[in-house]
Amino acid sequence: MRSKVIFLEERRVVSFVRKYLEEKNCDAIIVSSWQNVYYCSGFTGYGDALLLITKDKKFIVTDSRYYVQAEKQSGDYTLVKSGAWSLKAMTDVLQQENVKKLVYEDLSVLHTMYVNYFEKLGTELIGAGDTFLKARTVKTPEEIAKVEAACDLASAALERTFKYIKAGVTEIELAARLEYEMRLAGADKPSFDTIIASGVRGSMPHGTASDKVIEKGDGVTIDFGAFYNGMCSDMTRTVFVGEPSAEMRKIYEVVKEAQQTAIDGYKPGMKGKDLDKLARDVIDEAGYGEYFGHSLGHGVGIDVHEGVSVSPGSEQLLEKGMIFSVEPGIYVPGLGGVRIEDLVTIGDNGKLRMITKAPVKDLLVF
Ligand code: ZN
Ligand code: ZN
């Protein structure tokens, strides 16, 4: 179903694109990445349509698999029926519209496509750079609500999966169960390959689910998300099957404290590196600094990693409308790992507001 909200967002996005064209004194932009095609038009045939936005017209170029869908989802665009050759159809529209100066997505267009297509068009070419990414970094209230809905769906799916977490189950079985629960609840797909890292595999921050059997005493790090209504969620919980060792218990408490310290300590005007430091200091002081190698957080939206960097070197100002993760972790080779991750945004009161509303943060033993 296509809501009025999406149409409103599109109008905002298209007017931003047109303002950009005016500033750069360009005639048109070709939108080619699936993320920005969706962002501008609401079209969900990911990867199978191109947009052309001129100063006063909007075209969507796609093939016969998507004619009905494009008319339904992007009815405010003129549909260009391309047959199998969408680039040829696009060239015809460029000529028809007399485009002399063209913006293209230089951050995502493949070099081969640039050489074989764009360079041969005979138009002046301008790279869009990070223009779209910057726009997507600061969300509207509607976009925040969509991410929140994806988080709610994922949290509920995790709770329904808890009863399957036990010794004897493989990581892949657990990932399949979790993804099944998300799909049943309406998710389009997982927002990335589900990470399930148990026991010593927990020391790999991005260990995707393997055929390892979960054993008694294992910590199980579950990092997953739902892609729902065009937006991603992203969260991590580490739970235990059987009593954890004293050291793993300690590590869990340090990670939990690091996350809470960052969430409570945010103040308006902070940069990415300032928030990162709040959590990192807790882990450093506990003596595990060398085992926290990644950033504290990243932006989330249409892509699971977009726009915001909460890392030791980040000079980026954390602004209202941004959604980002707060995900400290400690990974000790040969022992295991713990990560806790939630999404936050900056609330009206100038404090971080939780987007993830998953219930448990206390150490869970199954
Ligand atoms: Zn994650
Ligand atoms: Zn993340």
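Above this text is the structure in question.
Quick caveat: nothing in here was measured; it's all calculated off a predicted structure.

1. Some words on the coordination of the zinc ion (ligand 2)
Part 1 of the reasoning: For the zinc ion (ligand 2), the full set of protein donor atoms is Asp234 (OD), His298 (NE2), Glu327 (OE) and Glu341 (OE), and the range of their distances to it is 2.0 to 2.2 Å.
Part 2 of the reasoning: Viewed at the metal, the four donor atoms of the zinc ion (ligand 2) are separated by angles of 80 to 154°, and the geometry they form is irregular.
Part 3 of the reasoning: When the donors of the zinc ion (ligand 2) are listed by position in the chain, the intervening gaps give D-x63-H-x28-E-x13-E.
Part 4 of the reasoning: Between the two metal centres, the zinc ion (ligand 2) and the zinc ion (ligand 1), the spacing is 3.0 Å, with Asp234 acting as a shared donor. Placement of the pair is His298 in strand 13 (residues 297-298) and Glu327 in the loop between strand 15 (323-326) and strand 16 (329-332), with a sequence separation of 29 residues.
Part 5 of the reasoning: We classify Glu327 as buried; its relative accessible area is 8%.

2. Some remarks on the nonpolar core
Part 1 of the reasoning: Ranked by size, the top nonpolar core spans 40 residues in total, and within it Ile29, Val31, Cys40, Ile53 and Ile60 carry the most contacts.
Part 2 of the reasoning: Mapped by element, the contributors of at least two residues to this core are helix 1 (4-24), strand 1 (28-31), helix 2 (34-41), strand 2 (49-54), helix 3 (67-73), helix 6 (131-137), helix 7 (141-161) and strand 11 (231-232).
Part 3 of the reasoning: Here this core gets five residues from one element, more than from any other, and that element is helix 1.
Part 4 of the reasoning: Each of domain 1 (4-137) and domain 2 (141-354) gives at least three residues to this core.
Part 5 of the reasoning: Other than its neighbours up to four places away in sequence, Ile53 contacts Val14, Val17, Arg18, Leu21, Asp27, Ala28, Ile29, Val31, Cys40, Lys58 and Tyr77.
Part 6 of the reasoning: Core analysis: the next-biggest nonpolar cluster, separate from the first, contains 32 residues, Tyr266, Ile283, Ile330 and Ile346 among them.

Each value, and the rule that gives it
Residues numbered from 1 in each chain as written. Chains lettered and ligands numbered in written order. Predicted model: local features only at pLDDT ≥ 70, side-chain atom pairs only at ≥ 80, totals over all residues. Heavy atoms only, no water. Donors = N, O, S within 2.8 Å, 3.2 Å for Na, K, Ca; no water. Tetrahedral: all angles 85-135°; square planar, octahedral: opposite > 155°, others 65-115°. Helix = DSSP H or I, 4+ residues; strand = E, 2+ residues; numbered from the N terminus. Buried < 20%, exposed > 50% of the residue type's maximum accessible area, 1.4 Å probe, protein only. Core = buried A, V, L, I, M, F, W, Y, C linked by side-chain atoms within 4.5 Å. Domains from an automatic or database assignment. Contact = heavy atoms within 4.5 Å.

Such coordinate-based values are descriptive only and should not be taken to indicate function.
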